[in-house]
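Report on the structure
In case you want the letters, here they are:
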Protein chains: 2
Amino acid sequence: MQITRASDYAVRVMIHLASLPPSSTVRQSELSKATEVSGHFLSKVLQQLVRARLIRSQRGAGGGYALAASAAGISLLDVLEAMEGPVRLNQCIEEGPSCDRKSWCPAHQVWAEAQAAITNVLGAASMASLAARAKGMSYELHEKTVWISGVPKKLKKKRGRTN
Amino acid sequence: MQITRASDYAVRVMIHLASLPPSSTVRQSELSKATEVSGHFLSKVLQQLVRARLIRSQRGAGGGYALAASAAGISLLDVLEAMEGPVRLNQCIEEGPSCDRKSWCPAHQVWAEAQAAITNVLGAASMASLAARAKGMSYELHEKTVWISGVPKKLKKKRGRTN
DNA sequence: CCCAAATTGGACTGGGTTGGTCCGATTCAA
DNA sequence: TTGAATCGGACCAACCCAGTCCAATTTGGG
């Protein structure tokens, strides 16, 4: 019941790319720095995202990675399923006649409901919206950075909107 | 993102117990038959449920397992968390200042929302309600069984209320 | 044409989890 | 006391997770 680290990292990558001007190409090393993920491991994550057609890669000098589609058209659910395959809360939740208990197991419906709830939430969160939210936050972050390089950094407790 | 087999089995056990008269004691062998789970493995599941105080065990001859509380007071979420620990969709979702990205990571809130969605659904499903639903189904099932032993079984498509 | 930059694709690993089996110890009722 | 029943592990194979590392390939530029 927990997403893998790789999925988490993939989401960071996608949000980072989405917050850039469309079709910007970013080197792996830069992504590694931005997401705080080891370059070696990140390359595996990136490969999976490429294979899932969520990003495109450009090899060679001056190469890098870029979103393959509009950030508004990619949801958190898309990224998650690219990394982990389809969300299936219980083994018996799938199309087709895979589970013969399905017809009578009273829990089946609840699992299905819970799964629908989760996919609804994740499917509604687009990379574009997350990137926009990140921009609002990174503005604060930028302020902080600037201040640190100049004056003592004490605005940490200023953040009252974790929401 | 998938519950373990053990959790699934635990839910079957709990529903079975909940569908019996209150504080009935059931032997492991019977539970094994009812849930279609190997006795050896089931014993591990049962032990965990006992330790979580969801069921009580009676040793010795005539012993067995029984619900430790009212079936209405135990939710699917309770059973799940007894088996797998607290639901935590992403590593960074927990109380306390565990994740320093939390303050700015824009995905954090979505994970939290998805988690709330899932716990809402699972927390609302009580063993009592599931057992009641099972009774309704087993009634149909009973009919079917009777029919099969007598006349051709064709009432399958009668169930139009998956809801 | 060749070099350097960059991705690609896979091998490898250590550690943990999963799903399962098995058995001796313990407890209790008859 | 004996047999029914749970208890509490040990044990196992197989798989997944997270991460590292490296050689091969591709590409742009001097």
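Refer to the structure presented above.
To keep things clear, this report deals only with the structure shown in the data block. (Residues numbered from 1 in each chain as written. Chains lettered and ligands numbered in written order. Predicted model: local features only at pLDDT ≥ 70, side-chain atom pairs only at ≥ 80, totals over all residues. Heavy atoms only, no water.)

**Let's talk about the pairing of strand E1 (residues 55-58) of chain A**
Looking along a regular strand, one sees the side chains alternate between the two faces of the sheet. Residue and element names in this part refer to chain A. Across 4 bridges, the pairing between E1 and strand E2 (residues 64-67) is antiparallel. Across the sheet, Ile 55 pairs through a bridge with Leu 67, a residue of E2. What sits between E1 and E2 in their antiparallel hairpin is a turn of 5 residues, with Gly 60 showing a positive phi close to 75°. (Pairing = 2+ DSSP bridges. Helix = DSSP H or I, 4+ residues; strand = E, 2+ residues; numbered from the N terminus.)

**Considerations on the environment of Ala114(B)**
Summarising the element assignment, Ala114(B) is placed in helix H5 (residues 108-124). Taking the relative accessible area as the measure of exposure, Ala114(B) reaches 0% and is therefore buried. Those residues within four positions of Ala114(B) in sequence are excluded, and the remaining contacts are Ile118(A), Val121(A), Leu122(A) and Leu89(B). (Buried < 20%, exposed > 50% of the residue type's maximum accessible area, 1.4 Å probe, protein only. Contact = heavy atoms within 4.5 Å.)

**Looking at the pattern of salt bridges**
Across all of its chains, the model carries 6 salt bridges over all chains by this definition. Measuring nitrogen to oxygen at the nearest pair gives 3.4 Å for the salt bridge that ties Asp8(B) to Arg12(B). With a gap of 4 residues between them, Asp8(B) and Arg12(B) both fall in helix H1 (residues 5-18), about one helical turn apart. Exposure class is identical for Asp8(B) and Arg12(B). Each is buried. Counted as one network, the salt bridges with shared partners bring together Arg5(A), Asp8(A) and Arg12(A). (Salt bridge = Lys/Arg side-chain N within 4 Å of Asp/Glu carboxyl O.)

**Thoughts on the protein's contact with DNA strand D**
Taken together, 22 residues lie around DNA strand D, and Ser38(A), Gln28(B), Gln47(B), Ser57(B) and Tyr65(B) are the ones closest in. For DNA strand D, the backbone makes up 72% of the atoms found within 4 Å of the protein, where backbone means sugar plus phosphate. Between DNA strand D and Ser38(A) there is a distance of 2.6 Å, counted from a phosphate oxygen to a side-chain nitrogen or oxygen. Arg27(B) places a polar side-chain atom, nitrogen or oxygen, 3.3 Å from a phosphate oxygen of DNA strand D. The set of elements that each furnish at least two residues to the surface near DNA strand D consists of helix H1 (5-18) and helix H3 (39-51) of chain A together with strand E1 (55-58) and strand E2 (64-67) of chain B. In terms of residue class, the surface near DNA strand D is built from 6 nonpolar, 11 polar and 5 charged. (Near = heavy atom within 4 Å. Polar contact = N/O pair within 3.5 Å; in protein donor to acceptor, adjacent residues only side chain to side chain. Nonpolar A, V, L, I, M, F, W, Y, C, P; charged D, E, K, R; others polar.)

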